[in-house]
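Breakdown of the fold
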Amino acid sequence: MSFEAWTLFALFWVVFVTTPGPNAVNCISNGMSLGFWRAIVGVLAILTQATLFLLLSAIGVTALIAASPSVFLVAKLIGAAFLIYLGLRGWHNATRPAPAVERPARHVYLHALAVAVINPKSVAGYLAAFSQFVEPNVPIWDQMLVIMPTALILTTLSYTGFTLLGFAMGQAAMKAVFNLWIRRLLAVCFIVYGVLLGSTSVPDLEGMR
């Protein structure tokens, strides 16, 4: 992979992982409610999803999924319903005090992994990365030795930052009236993302080539 291609890929990936979405909202929410170090488990779940999707993109499975309207539709509706459910539950629980029982790390991990995996829009993002920046005349697995570390490091920095932001907001909200409104804002974000996800169309693969 040439330095120019790597630079373009890195810039694309920075935008891809720093644009706020369901993963970012979940990291902020975890940081607020769990504290920084316990919330980091959610970042590990996002890295698991990123590794899986990078490998699937390299072997072309994500292209097959996005090319099938029926598969994409089912995944889209499931993902949209899940995000809306999270939002409605978050709004309902916003007026309640944080539970005294700590959430086990496994629950935090699986919840974050579900949020990361069920968003079909990420399929389009990985497809765009591989269709625009991977060089066809270079073996894909040689390029993956550069792509994967770059993508995973940038993903780690981004979502660790969102988690730290949530932790800082949680520390401030503990002594402020707007704790309720922060929690409700995060809930609304999940609902909005779910509605937007449900209205997306199948990725235009021809336009990505």
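Okay, so let's go over this structure. Everything numeric in this text was worked out from a predicted model, so none of it was measured.

Points about the overall build of the chain
- A tally of helices and strands in the chain yields 10 helices and zero strands.
- The N-to-C order of helical and strand elements in the chain reads α-α-α-α-α-α-α-α-α-α.
- Looking at the chain residue by residue over its 209 residues, the buried ones come to 43%.
- Contacts in the chain between residues at least 24 apart in sequence constitute 90% of all its contacts with a sequence separation of at least 6.

Describing the packing of helix α2 (residues 22–34) against helix α6 (residues 105–117)
- Packing of α2 against α6 brings their axes to within 9 Å, and their N-to-C directions diverge by 160°. Relative to α6, α2 is oriented roughly antiparallel. The element α2 and its partner α6 pack so that their crossing is right-handed. Here Pro-22, Asn-23, Asn-26, Asn-30 and Leu-34 of α2 come into contact with α6, specifically with Val-108, His-111, Ala-112, Val-115 and Ala-116.
- The residue inventory of the contact of α2 with α6, partitioned by class, reads six nonpolar, four polar and no charged.

Things to note about the side chain of Thr-150
- Structurally, the position occupied by Thr-150 is in helix α8 (residues 140–173).
- Not counting residues up to four positions away in its chain, the partners in contact with Thr-150 are Trp-6, Phe-9 and Ala-10.

So, a nonpolar patch on the surface
- Taken together, the side chains of Leu-55, Ile-59 and Trp-141 present a nonpolar region at the surface, about 300 Å² in accessible area.
- Checked against the element boundaries, Ile-59 lands in helix α3 (residues 36–59).
- For Ile-59, a relative accessible area of 52% corresponds to the exposed category.

Considering the nonpolar core
- Phe-9, Trp-13, Leu-54 and Tyr-159 are the most contacted members of the largest nonpolar core, which totals 29 residues.
- Those elements that place two or more of their residues in this core are α1 (3–18), α2, α3, α7 (121–133) and α8.

Thoughts on the packing of α2 against α3
- At a closest axis distance of 7 Å, the pairing of α2 and α3 adopts a crossing angle of 160°. One element, α2, and the other, α3, form an angle in the roughly antiparallel class. Classified by chirality, the crossing of α3 by α2 is right-handed. Between α2, through Asn-23, Cys-27, Asn-30, Gly-31 and Leu-34, and α3, the contact on the second element is made entirely by Phe-36, Arg-38, Ala-39, Gly-42, Val-43 and Ile-46.
- Grouping the amino acids of the contact of α2 with α3 by side-chain chemistry returns six nonpolar, four polar and one charged.

Scoring rules and cut-offs
Residues numbered from 1 in each chain as written. Predicted model: local features only at pLDDT ≥ 70, side-chain atom pairs only at ≥ 80, totals over all residues. Heavy atoms only, no water. Helix = DSSP H or I, 4+ residues; strand = E, 2+ residues; numbered from the N terminus. Buried < 20%, exposed > 50% of the residue type's maximum accessible area, 1.4 Å probe, protein only. Contact = heavy atoms within 4.5 Å. Axes fitted to C-alpha atoms, helices over the stretch in contact; angles between N-to-C directions. Parallel < 35°, antiparallel > 145°, perpendicular 65-115°, else oblique. Left-handed = near helix turned anticlockwise from the far one by under 90°. Nonpolar A, V, L, I, M, F, W, Y, C, P; charged D, E, K, R; others polar. Patch = residues over 30% accessible without salt bridge, like charges linked within 9 Å, V, L, I, M, F, W, Y side chains within 5 Å. Areas by Shrake-Rupley, 256 points an atom, 1.4 Å probe, with all protein chains shown as cover. Salt bridge = Lys/Arg side-chain N within 4 Å of Asp/Glu carboxyl O. Core = buried A, V, L, I, M, F, W, Y, C linked by side-chain atoms within 4.5 Å.

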